[in-house]
Amino acid sequence: MKNRKKLIHNVKRFLPLYIMTLPALLYLLINNYMPMPGLVLAFKSFNAQKGIYGSPWAGFKNFAFLIQSREFPIILRNTILYNVSFILLDLFFGVLLAILITEIRRLRARKLAQSLVLFPFVVSIIIVSYMVRSFIDHESGLLNHLLMNLGSGSIQFYSKSQYWPFILIFVHLWKSIGYGCIIYISTILGIDRSLLESAALDGASWFQRLRYITIPFLKPTMITLSLLSVGRICNSDFGLFYQVPQNSGLVMDVTNTIDTFVYRALLTQNNVAMSAAAGFFQSVVGFTFILVFNGITRKISSENSLF
């Protein structure tokens, strides 16, 4: 009886928080859990008239479309290397930017900086693709106009693949760094200020306070965000790799990833089972990477592992 009253008391106490989390829980249920039975589609020869469960079994035939493709080594290389670059650069620049912003003393200026950093994150990737084109377009791009004014010839970026790794990494950082940065800022602002003040009174320099107080407090957040990113190491931002290069076939050797490859294959073959197989493959690889890196984290620092 006593436990029941305590439970009712806690429910009433935290009811506003439960209501606030309800939309996120519904989103998780509808988008992540309800479609799970559809994973069987990856092992079926899909027939629209028979439906998912009435279609005949195909075994691992749908996976052969992806793995046995001659483009598979290239798209796997692009997907993993880009994601590794994104994880490392997001971590470094996100923490660096968060530290610099929290050093701003004026509250209004700090809030303005946070808003400016987060703003690109909410901009549509379609708009971003046209912004990039306005800079690097061969005929009307601002960068090419500048190069010609300096006496140099213009560069046809949409036909020169060597420039696109840098362009895509830069666009990703500009657009996505604000999300992690805001999380790091909230972690830094949650540090007990008395620790920093005591260290300053004891003669610790700014760098020493950063090294021995701020970074250790940021460490769990850094590990958690990195582990979550590792889980999507075989996934890619479709808009970044498809819309920003304007689907140019001349630069596809450095812009084609698993997601864009599957999309282009669907346009020609219209086989949704193959798409399901690719998604299943990405999920299994991502889950494996999470287990491996979480195991490494648990051995090095068990209190910072996810499980």
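Residues numbered from 1 in each chain as written. Predicted model: local features only at pLDDT ≥ 70, side-chain atom pairs only at ≥ 80, totals over all residues. Heavy atoms only, no water.

1. Things to note about unusual backbone geometry
Here is step 1 of the chain: In this structure, Gln246 takes a positive phi of about 60° despite not being glycine.
Here is step 2 of the chain: With respect to the helices and strands, Gln246 occurs in the loop between helix H11 (238–243) and helix H12 (252–255). (Helix = DSSP H or I, 4+ residues; strand = E, 2+ residues; numbered from the N terminus.)

2. Regarding the environment of Val128
Here is step 1 of the chain: Within the fold, Val128 resides in helix H6 (residues 125–136).
Here is step 2 of the chain: Of the residues examined, Val128 reaches a relative accessible area of 2% and is grouped as buried.
Here is step 3 of the chain: Put simply, Val128 and Gly239 are 111 residues apart on the chain and 9.5 Å apart in space, counted from C-alpha to C-alpha.
Here is step 4 of the chain: Filtering out sequence-adjacent residues up to four positions away, Val128 remains in contact with Val123, Val171, Trp174 and Lys175. (Buried < 20%, exposed > 50% of the residue type's maximum accessible area, 1.4 Å probe, protein only. Contact = heavy atoms within 4.5 Å.)

3. Here's the deal with the packing of helix H4 (residues 72–102) against helix H8 (residues 164–189)
Here is step 1 of the chain: Look at H4 against H8: their axes get within 6 Å of each other, and the N-to-C directions meet at 45°. In this view, H4 runs oblique relative to H8, as classed from their interaxial angle. Crossing of H4 over H8 shows right-handed handedness.
Here is step 2 of the chain: For the contact of H4 with H8, a count of residues per class yields 21 nonpolar, 4 polar and 1 charged. (Axes fitted to C-alpha atoms, helices over the stretch in contact; angles between N-to-C directions. Parallel < 35°, antiparallel > 145°, perpendicular 65-115°, else oblique. Left-handed = near helix turned anticlockwise from the far one by under 90°. Nonpolar A, V, L, I, M, F, W, Y, C, P; charged D, E, K, R; others polar.)

4. Topic: the side chain of Asp137
Here is step 1 of the chain: Within the secondary structure, Asp137 is located in the loop between H6 and helix H7 (142–149).
Here is step 2 of the chain: Looking at Asp137, the relative accessible area reads 12%, which means it is buried.
Here is step 3 of the chain: Filtering out sequence-adjacent residues up to four positions away, Asp137 remains in contact with Asn144 and Tyr158.

5. A few points about helix H5 (residues 107–118)
Residues spaced three or four apart along an α-helix face the same direction, because each turn holds 3.6 residues.
Here is step 1 of the chain: For H5, which comprises 12 residues, the first-to-last C-alpha distance of 17 Å matches the rise-based estimate of 16 Å (1.5 Å per residue) to within 8%.
Here is step 2 of the chain: Each element contacted by the buried residues of H5 is listed here: H4 and H8. (Expected span 1.5 Å × (residues − 1).)

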